[in-house]
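Structure assessment
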Amino acid sequence: MIILDEKSYIKKIIEKEKPLRTQKEINLYAVLLFEKLLKGNTIVRNIEEYLEKTDEYVQAKHFYKVTRAITYAKKHGFRIVGEIFINEWEMEVIESFNYLSEKENEECRRILFMMLYLAKAFKYYTTRLKEENPFPIKDYLYLYASIEDILWLAEVRISFKKWKKYKHEMTKHGLITPTIYSKKTWIINYFYPDSQAILKVLNNNPITYYQEYKGAKIIECESCKKRLAKITSRKYCSDCAYQMKLNAKKEIKNHLTQTIKQEFQNME
Ligand SMILES: [Zn+2]
């Protein structure tokens, strides 16, 4: 999972007292506590108390996780992706992707846009407190992200088979280079830092900035203010829409339980 604003993300979880489900989330909570300049022991206690409160705390299971989180927080801060600029030549390359059907081309362009955005976001907004660039060659742009995450953020819903077809085209035309390091590492070949910036992208649903560039009207989710391209008459983002559906279901269930109870009481 890619989190573009780690601080808001973890704060929301803590405020709502939701459980910390992954190592990443425990790490981020540790960073939040470190920012408050608490001492090591206090941080451990805080995390343990939170885990106890929100989850079934198992010391054997969590001890290692908390230790890892402390080690992480000593070296890392929050990643809060700020402005990212897409340059003229970069956009030109993205827009010139024209090797498949029109619908497929459009999907590929969105994926390419998202890959470039993410690679820049990770390059310019690092979490490491000490600057350590694993790829010192300046003109290269690397992206480390799973294709599932990239597709999710690009709002492109396709099968893996389809992605393989797209990847083949992108590689063949020299846009990306898969690497031998891992399945998640890509070299982005359409990176032109010296050309003029033409699009400023913020971290609130970045793909919408591309959609806007292509002429889409942009609205905000009425619940969480996430940016959305106005495609249908939707007012909410998919996350909020899903949450509302769940709540509505719960309400109906409560209502039914209440009615049945009432009827039983009447019978007595
Ligand atoms: Zn929303």
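One structure accompanies this document, and this report is about it.

Criteria and thresholds
Residues numbered from 1 in each chain as written. Predicted model: local features only at pLDDT ≥ 70, side-chain atom pairs only at ≥ 80, totals over all residues. Buried ≥ 20, exposed ≤ 12 C-beta atoms within 10 Å, placed from the backbone. Helix = DSSP H or I, 4+ residues; strand = E, 2+ residues; numbered from the N terminus. Pairing = 2+ DSSP bridges. Contact = placed C-beta atoms within 7 Å. Expected span 1.5 Å × (residues − 1). Arc of directions from axis to C-beta. Axes fitted to C-alpha atoms, helices over the stretch in contact; angles between N-to-C directions.

The next point concerns the pairing of strand β2 (residues 141–144). Within a regular beta strand, the side chains point alternately toward one face of the sheet and then the other, so they alternate between its two faces. Going residue by residue along β2, you find L141 and L143 tucked away on one face and Y142 and Y144 left uncovered on the opposite face. Relative to strand β4 (residues 185–188), β2 is paired through four bridges, and the arrangement is antiparallel. Its bridge partner being in β4, Y144 is matched across the sheet by T185.

For the rest of this paragraph, the subject is the environment of V156. Counting through the fold element by element, V156 comes out in the loop between α7 (147–154) and α8 (160–172). For V156 and G77, which are 79 residues apart along the polypeptide, the C-alpha to C-alpha distance reads 31 Å. Excluding residues that lie within four positions of it along the chain, V156 makes contacts with E107, R110, I111 and L151.

Let us now look at helix α3 (residues 40–54). Across its 15 residues, α3 extends 21 Å between first and last C-alpha, which sits within 8% of the 21 Å expected from 1.5 Å per residue. Turning to α3, its buried residues number three or more, namely I43, I47 and L51. Down the axis of α3, the smallest arc covering the buried residues is 70 degrees, so these residues share one side. Residues of α3 that are exposed and point over 90 degrees away from its buried face: N41, T42, E49 and K53. In the core, the buried residues of α3 are packed alongside α2 (23–35) and α4 (59–75).

Apart from glycine, the bulk of residues carry a negative phi angle, and the bulk of peptide bonds sit in the trans form. Even without a glycine there, the phi angle at E17 is positive, about 55 degrees. Inspection of the secondary structure assignment puts E17 in the loop between α1 (6–15) and α2. Judged by the 9 C-beta atoms lying within 10 Å of it, E17 falls in the exposed class. For E155, which is not glycine, the phi dihedral falls at a positive 55 degrees. Relative to the elements of secondary structure, E155 occurs in the loop between α7 and α8. Residue E155 is classed as partly exposed on the basis of its C-beta count, with 18 C-beta atoms lying within 10 Å.

Before going further, it helps to spend a moment on the sheet that holds β2. Read across the sheet, three strands follow the order β2-β4-β3 without closing on themselves; strand pairing throughout is antiparallel. Of all the strands in the sheet, just β2 and β3 (176–178) have a single pairing partner and so form its edges. Averaged over neighbouring strand pairs, the angle between their axes works out to 25 degrees when direction is ignored.

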